[in-house]
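Tertiary structure, described
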Amino acid sequence: MTNTTATAFEQARQEGRAALVGYLPAGYPDVPGGINALRVLVESGCDVIEIGLPYSDPVMDGPTIQAAAQQALEAGIRTTDVLRTVEAVAATGVPTLVMTYWNPVERYGVDRFAADLASAGGAGLITPDITPDFGQHWIAAADAHGLDKVFLVAPSSTDERLAMTAQACRGFIYAAAVMGVTGARESTSDLAGPLVARTRAVSDLPVGVGLGVSNGAQAAQVAEYADGVIVGSAFVRALLDAPDRPAGLRRLGALVEDLALGVRRQVGG
Amino acid sequence: MSGFDADEHGWFGDFGGRFMPEALVAALDELDVAWRAAMADPEFVTAFHTICADYAGTPSRLYDATRLSEQAGARILLKREDLNHTGAHKIRNVLGQALLTTRMGKTRVIAETGAGQHGVASATAAAYFGLDCVVYMGEVDTERQALNVARMKLLGAEVIPVVSGSRTLKDAINEALRDWVASVDHTAYLFGTAAGPHPFPSMVRDFTRGIGDEARAQCLELTGALPDTIAACVGGGSNAIGLFTAFLDDADVEIFGFEAGGDGVETGRHAATIVAGDPGVLHGARTYVLQDDDGQTIESHSISAGLDYPGVGPQHAHLAKTGRAVYEAVTDADAMDAMALLARTEGIIPAVESAHALAGALRLAERRPGSTILVNLSGRGDKDMGTAIEWFGLGGAS
């Protein structure tokens with residue numbers, strides 16, 4: 001049975017832990033290879049999947065995700081390949097969202113994209129470069145197709161914008177808790193806790209935190225205060241650094257397992 | 001102000017807006033408030049005009065190019081932005097933005113640059129105001145424009161080669177935005193053209209509109225009438241919007257923007273975004289974009305690095321859609337011919353960007369013999385001598 005994003009977070013909450021949200025771009029190293037890697041995320045313990053739609057101008061991504069996305073683009077990935085990837089991953093039953101910059105959606109046709117994403121079994125969209133005040137078209141299309149709308153909040157968001165953004169979200173709220181681009185970081189941000197608290201004050205939706213988590217210990221720290229721990233660059237890095245594909249998938253699986261243990265660990269306990 | 005301004009959210013009709021990460025919205029809102037307050041403050045406006053006059057050398061002259069006019073068959077007036085300090089209109093924009101930066105209490109500026117002109121202008125303004133300056137420049141461009149890299153360094157700026165994506169202007173913008181997300185509390189982004197998210201298109205227009213305000217008054221004084229037609233080159237479109245704004249409500253003045261046609265629009269190797277692009281979202285604004293069927297940005301091509309950009313300012317998109325301005329493409333070859341013609345008839349070597357406007361004006365002169373055409377000569381051609389040497393085979397003495 002397919003979970004929704006909401007039920008996946010709820011199940012984690014009932015187990016007294018944070019959900020593990022895993023990101024990989026579609027089409028890296030190629031379309032079938034990308035599907036295999038995403039399946040490893042599912043099999044090794046991610047509760048929610050984000051599939052990145054590779055884009056030529058990814059202003060919010062650091063070098064790691066840029067490199068993988070660029071390689072996918074150079075290999076010729078199309079938007080329809082991303083939807084095919086969604087279909088294959090969603091078939092596992094794990095809620096599967098697409099994370100995408102806006103222009104590819106607009107080019108595909110907002111309503112058509114929503115319809116095709118829904119029929120591929122996709123749960124919704126995470127949209128890092130549009131905010132609800134400039135996302136009305138997407139909001140209407142998502143509502144028409146029952147899709148999750150995940151907008152980002154940031155440490156620099158005013159209280160007023162936090163409330164406006166949270167109200168527009170469905171599924172979960174993405175707290176981008178570092179003022180900077182995606183990428184693994186040594187230490188977790190001291191901006192994250194307060195941002196989650198401020199977001200909780202204006203919404204009952206679960207709050208997922210993305211801030212460059214790359215190991216179980218960091219995941220455990222973030223799980224102390226967040227409903228979901230979002231990991232992306234570290235997974236891409238595991239694949240990029242591996243000598244070959246099988247080794248990459250093994251490293252990926254081991255990393256997911258470490259992180260899945262992390263979100264179940266109480267740092268203080 | 002004109003009848004073609006953006007609304008409070010930055011919409012020029014269907015174009016513009018602010019398609020940006022939430023992390024930057026607070027900074028853009030702060031900038032929006034600071035810019036509006038500054039433009040409403042006579043002290044700021046006076047300070048800006050004083051700096052432009054004393055330091056940059058404005059108002060630039062309006063020059064009656066009689067020998068060129070004889071050849072063209074129409075009266076061609078040249079707005080001599082090439083005579084400004086640093087050699088182009090761009091100094092106006094950076095002085096305005098840097099003055100605003102100091103007013104906002106920020107101490108560091110970042111900028112993107114393609115050919116290096118905006119980078120040099122930004123480094124200049126940063127030196128003038130005592131600000132730290134980092135310029136992002138595509139690695140491909142740092143190699144093509146080594147002289148400008150050296151200028152920026154001499155002016156005290158740090159130049160960071162961008163190795164991501166296509167390693168050109170659009171990627172330099174991406175990298176500057178990435179810097180800004182992480183540094184926004186103390187850093188201002190000196191955007192180089194009238195594009196990007198609100199309020200940049202409107203703010204950059206405000207800082208460059210002196211071009212048209214001056215030219216309109218100068219033309220009235222010189223000829224006793226407004227020009228029949230005005231013309232400017234359009235990459236992102238800052239010099240063009242700077243010229244156009246003063247004339248937008250003059251319904252009898254025809255307005256033409258000339259985009260870079262590269263090898264010819266039909267070859268696909270060009271930067272004629274309005275002529276051949278489709279509506280989309282790039283770098284924070286809905287505008288015309290060179291893109292493929294999946295919305296991936298297509299690399300632009302032009303002999304002119306300053307016009308080599310796959311997007312365009314949203315106000316131009318709006319002016320095109322409403323028909324208030326007409327946009328056409330000028331090929332590399334036509335632009336280089338115009339460069340040579342101006343050099344030989346008037347003793348003025350224009351920037352290769354501005355040569356696109358000139359080539360367009362020559363085309364308009366054929367269509368409207370005897371009319372008065374005011375052209376923005378947005379920059380000088382010193383920086384383009386490498387290009388000219390290669391194109392015309394000028395190497396060696398003979």
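Here goes a summary of the coordinates provided. Bear in mind the structure is a predicted one, so any value in this text is a computation, not a measurement. Starting from 1, residues in each chain are numbered consecutively following that chain's sequence as written. Naming scheme: in the order in which they are written, chains are lettered from A and ligands are numbered from 1. Residue-level local features of this predicted model are given only where pLDDT is at least 70; pairs of side-chain atoms are given and counted only at 80 or more, and the full residue set underlies all totals for whole chains, interfaces and linings. To obtain the side-chain values, all non-hydrogen atoms of the structure were used and water was disregarded.

1. Notes on the sheet that holds strand β6 (residues 132-138) of chain B
All names here are of chain B.
- Ordered by their spatial adjacency, 4 strands build an open sheet running β7-β6-β5-β8, and the pairing between neighbours is parallel. Every interior strand has two partners, whereas the edge strands, β7 (158-162) and β8 (187-189), have only one. Each neighbouring strand pair of the sheet contributes to a mean axis angle of 25 degrees, computed without reference to strand direction.
- As defined by bridge partners, strand β5 (residues 108-113) adjoins β6 across 6 bridges and the pair is classed as parallel. For glutamate 112, the partnering residue across the bridge sits in β6 and is tyrosine 136.
- Along the sheet, helix α5 (residues 117-129) makes contact with β5 and β6, crossing β5 at roughly 165 degrees. Following DSSP output, two strands are said to pair if at least two bridges run between them. Starting at the N terminus, helices and strands are each numbered in turn, a helix being any DSSP run of H or I of at least four residues and a strand any DSSP run of E of at least two. Axis lines are fitted to C-alpha atoms, over the contacting stretch for helices. Their N-to-C directions set the angle, which ranges from 0 to 180 degrees. Residues count as neighbours in contact if any of their non-hydrogen atoms are within 4.5 Å of one another.

2. A few points about the interface of chain B and chain A
- On the chain A side, the residues contacting the 36 residues of chain B number 35 residues.
- For the pair chain B and chain A, the two sides together bury roughly 2900 Å², of which 48% comes from carbon and sulfur.
- Here a salt bridge means any side-chain nitrogen of Lys or Arg lying within 4 Å of a carboxyl oxygen belonging to Asp or Glu. Our count for the contact surface shared by chain B and chain A stands at 5 salt bridges.
- In this structure, A:Arg78 and B:Asp294 form a salt bridge, with 2.5 Å as the shortest nitrogen-oxygen distance.
- Counting of polar contacts relies on pairs of N or O atoms within 3.5 Å, with two restrictions inside protein: one atom must be capable of donating a hydrogen and the other of accepting it, and residues adjacent in sequence are counted only when both atoms are side-chain atoms. Viewed at the interface, chain A and chain B are joined by 21 residue pairs in polar contact (both at pLDDT 80 or more).
- Those elements that place two or more of their residues in the side of chain B that touches chain A are α1 (22-39), α8 (169-183) and β12 (278-282) of chain B.
- Ranked by residue count, the leading element in the side of chain B that touches chain A is α8(B), at 8 residues.
- The nonpolar class holds Ala, Val, Leu, Ile, Met, Phe, Trp, Tyr, Cys and Pro. Asp, Glu, Lys and Arg form the charged class, and all remaining residues, Gly among them, are polar. Per-class residue counts for the side of chain B that touches chain A are 13 nonpolar, 11 polar and 12 charged. What counts as buried area is the accessible surface, traced by a 1.4 Å probe, that two parts surrender upon association, with contributions from both included.

3. Here's the deal with a nonpolar patch on the surface
Residues and elements named next belong to chain B.
- Together, Ile349, Met385, Ile389, Trp391, Phe392 and Leu394 give the surface a local cluster of nonpolar side chains, amounting to about 500 Å² of exposed area.
- Locating phenylalanine 392 in the fold gives a position in helix α16 (residues 385-392).
- In this structure phenylalanine 392 comes out as partly exposed when scored by relative accessible area, which is 31%. Think of a patch as exposed residues, more than 30% relative accessible area, with no salt bridge, where like charges cluster within 9 Å and nonpolar side chains (Val, Leu, Ile, Met, Phe, Trp, Tyr) cluster within 5 Å. Only the protein chains shown count as covering a residue, and every accessible area follows the Shrake-Rupley method with a 1.4 Å probe. For every residue, the accessible area obtained with a 1.4 Å probe (protein chains only) is divided by the maximum for its type, and the residue is called buried under 20%, exposed over 50%, and partly exposed between those limits.

4. Section: the pattern of salt bridges
Residue and element names in this part refer to chain B.
- Overall, the coordinates contain 41 salt bridges over all chains when judged by the stated rule.
- The salt bridge partner of lysine 383 is aspartate 384, with a shortest N-O separation of 2.8 Å. Both residues of the pair, lysine 383 and aspartate 384, count as buried.
- Three or more residues are tied together by salt bridges with common partners; here these are Lys79, Glu81, Arg92 and Glu214.

5. Concerning the nonpolar core
- In this structure, A:Trp138 and A:Phe235 are the most contacted members of the largest nonpolar core, which totals 96 residues.
- Counting residues per element, this core draws most heavily on helix α2 (residues 31-44) of chain A, at 7 residues.
- In contact with A:Trp138, not counting residues within four places along its chain, are A:Trp102, A:Val110, A:Ala114, A:Leu125, A:Thr127, A:Ile130, A:Leu147, A:Asp148, A:Lys149 and A:Phe151.
- In terms of nonpolar packing, the next biggest core, distinct from the first, is built from 66 residues, B:Ala27, B:Met104, B:Ala125 and B:Val135 among them. For our purposes a nonpolar core is just a set of buried Ala, Val, Leu, Ile, Met, Phe, Trp, Tyr and Cys residues, chained together by side-chain atoms within 4.5 Å.

6. Some words on the pairing of strand β9 (residues 228-231) of chain A
Residues and elements named next belong to chain A.
- Residues Gly228 and Ile230 of β9 are buried on one face, and the alternating residues Val229 and Val231, pointing to the opposite face, are buried as well.
- Bridge analysis of strand β1 (residues 19-25) against β9 gives 4 bridges, and the strand direction is parallel. By the bridge assignment, alanine 19 is partnered in β9 with glycine 228.
- Pairing geometry for strand β8 (residues 207-210) and β9, over 3 bridges, is parallel.

7. Side note on the side chain of B:Arg178
- With respect to the element layout, B:Arg178 can be found in helix α8.
- Within the structure, the side chain of B:Arg178 is placed 2.7 Å from the backbone oxygen of A:Pro58, a separation counted as a polar contact.
- Sequence-distant contacts of B:Arg178, defined by excluding residues within four places in its chain, comprise A:Pro58, A:Val59, A:Asp61, A:Gln66, A:Val181 and B:Ser164.

These results come straight from atomic positions and should not be treated as a statement about function.
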